[in-house]
Amino acid sequence: MSNIIIGTAGHIDHGKTALIKALNGFEGDSTNEEKQRGITIDLSFSNLSRGQQNIAFIDVPGHEKLVKNMIAGAFGFDYVMIVVSAAEGIKPQTVEHLEIINLLGLKEIIVVITKKDLVTPKELKEKKEQLLLFLNTFDFEIKFIHEVSIYEKESIEKLKNSLFSINNSIKQEENFFRYYVDRVFSPKGIGTVVTGTILGKKIELNEKIFICDSQMESKIKNIQVHNNNTLEANISNRAALNLQGVNINQIKRGDLITKKGHIRGFDGIDISFKCLKDKKLHHNQTYTLFIGAKKIEVKVLLFDCITNLETGFATLKANEKLYCIFGEKIILRNANDTICGGKVLNPVIDPMKKNQKRRLLEALENGNFPLAYEELLEAHKKGLGIISSTQRFALSHEEAITFAKKLENVFVDEKELVIYPLQTKDLIKDFIKEIYTKNSYALLSNASINLRLKWASTAFIQCALDELVSEEFLVRDVSLYKNSNIKEDFTKELETVFLSRLKQEDITPTAPYNIYDDLDIDRKLGDDILKSLTAKKQVIRLQHNLFIHFESLNKIVKTMKEIIKEDGFIEISNFKTRFDLSRKYLITYLDYLDNYSNIKKVENRRVFV
């Protein structure tokens, strides 16, 4: 089905709600307060269908004190229907609504002049000319303009036909589902239900979702689109989602629902902004941020060292985490005064120098993602995750990889989805060289190096290893790498080193991986050496990670037998008075006595038979 969302905008009492009712019979002002006051207080949602076409309407408040609710609805619009009374023409809220939708980047508009029955044809023509002249001061694309009266069915039908001629949603599909909550309620016996507009990609019944603000996972129990149960909700659908296991107090208006792992939250974001005429943004001042359906107080830190600006870059700092993606439109207001609009450039805050941050923001503002990658890689020399491009640049992984491949002097790990500056490979090479320089008998694998350089992917490590082989610094032996200056097999020498180490550690041997790390050898090779020594009975394996020199074991067993002779038994308490060992060793050695036929265990004591 074709889906579009049309939002109304205009001055109070210019007939927005009455027009929607004339189009689809929906009574938008449904609350007692709205009916008594005769104005739309909150967002009102309805739809109009014809065949496979569906138009969802978001009727927003026109009163100046309720502009905040208008902004909450505007982010979901595909088109804006500007409603102007023929009797009054352009009024203050008409202007403010137009300025706001312009700041939000909504360019496709429909113009409807209402109450045509209250003016003469000449007055109607003059109002239309005045309106079009004013609209030309913006860069809107006017789809069509209609003059109507709710009492003239022919004009309403003509408007309907024009509305159904509009193309499908103009929203760009993203590579993951997003959904700002604009209402939360809990029908009896149903559980928590939220409403909002589907952004990004569709959502299906029983899919898992993630509520960013409360860091909660949930599942979609039911989906309703225009009061009908459905199996899925597509982009630009107004949808009600029934959430599993979510209490009504755990989610609120403005919260972002998405898929887990796509978006991280930060207490700051970087934006570009442009103020309305005769307005300026002031440094270190608190404003109200509107993003999606969210409203939050933020402190504005202008990027340039100027106390106030009409355009530029700024960092917005909040007392809670902000969850957003590159390119999202925002509005900043001061009390009831709209100051500026902006665009999220950097939703992921990185530690960067000011000049570097400026270059990044300029690149992002111009959509120069390859240059933005270069700047980010300067700050992330040990790798930049491609998966973060979903949030950083609103790109899919495939698009991000394509951009990354266009960069010069980078290594792109497509499997691990990480980009590295090529110069970082020298860090890996220097690390490896230092190991082999200090220990000529080091024998490492890619995996063992990866355990020490956790930031480096195995593919990037392999690239460094291959270069060291080509430079004849290393020689590859199956999956292991050894010093090229040592030609002979030194496994026997390593066995001797192992035996010496274990003999020195005596009855408190360390775990094998400590030995491997100290000797700079691969864990598999270390395991093989211990297996060989164990097979020769030179080393005894007492537990999974506890190996002891056979002489040390014989010595401690002899002493333990002497304790039994002296005390008549041995247990942890009298064993510890002779040897100040940890329980790990005490219990292990006591358990080992059970291998002797002339010793038996009686409760927690060992005695001679």
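Conventions and cut-offs
Residues numbered from 1 in each chain as written. Predicted model: local features only at pLDDT ≥ 70, side-chain atom pairs only at ≥ 80, totals over all residues. Heavy atoms only, no water. Pairing = 2+ DSSP bridges. Helix = DSSP H or I, 4+ residues; strand = E, 2+ residues; numbered from the N terminus. Salt bridge = Lys/Arg side-chain N within 4 Å of Asp/Glu carboxyl O. Buried < 20%, exposed > 50% of the residue type's maximum accessible area, 1.4 Å probe, protein only. Axes fitted to C-alpha atoms, helices over the stretch in contact; angles between N-to-C directions. Contact = heavy atoms within 4.5 Å.

**Q** Tell me about the sheet that holds strand β26 (residues 418-421), and name the residues and values.
**A** Strand order in the open sheet made by the 3 strands is β24-β26-β25, with antiparallel pairing throughout. A single partner strand is all that each edge strand has here, and the edge strands are β24 (384-385) and β25 (410-413).

**Q** Which residues make up the pattern of salt bridges, and what values go with them?
**A** Applying the stated criterion across every chain, the model contains 42 salt bridges. The partner of Asp 182 in a salt bridge is Arg 238, with the nearest N and O atoms 2.7 Å apart. With a gap of 56 residues between them, Asp 182 in strand β7 (residues 178-185) and Arg 238 in strand β14 (residues 238-243) connect regions that are remote in the sequence. Since its relative accessible area comes to 7%, Arg 238 is described here as buried. We note a salt bridge from Lys 259 to Glu 207, for which the minimum N-O separation is 2.5 Å. Here Lys 259 is found in the loop between β15 (256-258) and β16 (266-275), whereas its partner Glu 207 is found in the loop between β9 (203-204) and β10 (208-211), with 52 residues between them in sequence. One connected set of salt bridges, linked through shared partners, spans Lys 425, Lys 429, Glu 467 and Glu 471.

**Q** Describe the environment of Glu 126, naming the residues involved and giving the relevant values.
**A** Inspection of the secondary structure assignment puts Glu 126 in helix α5 (residues 121-135). Note: C-alpha distance between Glu 126 and Ser 165 (39 residues apart in sequence) is 27 Å.

**Q** Help me get a handle on the sheet that holds strand β23 (residues 337-346), residues and values and all.
**A** Pairing is antiparallel around the closed barrel formed by 6 strands, whose spatial order is β16-β21-β19-β18-β22-β23. Ignoring which end each strand starts from, the neighbouring axes of this sheet average 45 degrees apart. Alignment of strand β22 (residues 329-334) against β23, held across 6 bridges, turns out to be antiparallel. Bridged to Arg 333 within β23 is Thr 338. Those strands touched by helix α4 (residues 92-103) are β16, β22 and β23, and its axis lies near 10 degrees from that of β23. Taken strand by strand, helix α7 (residues 354-365) contacts β16, β21 (311-322) and β23, and its axis lies near 100 degrees from that of β23.

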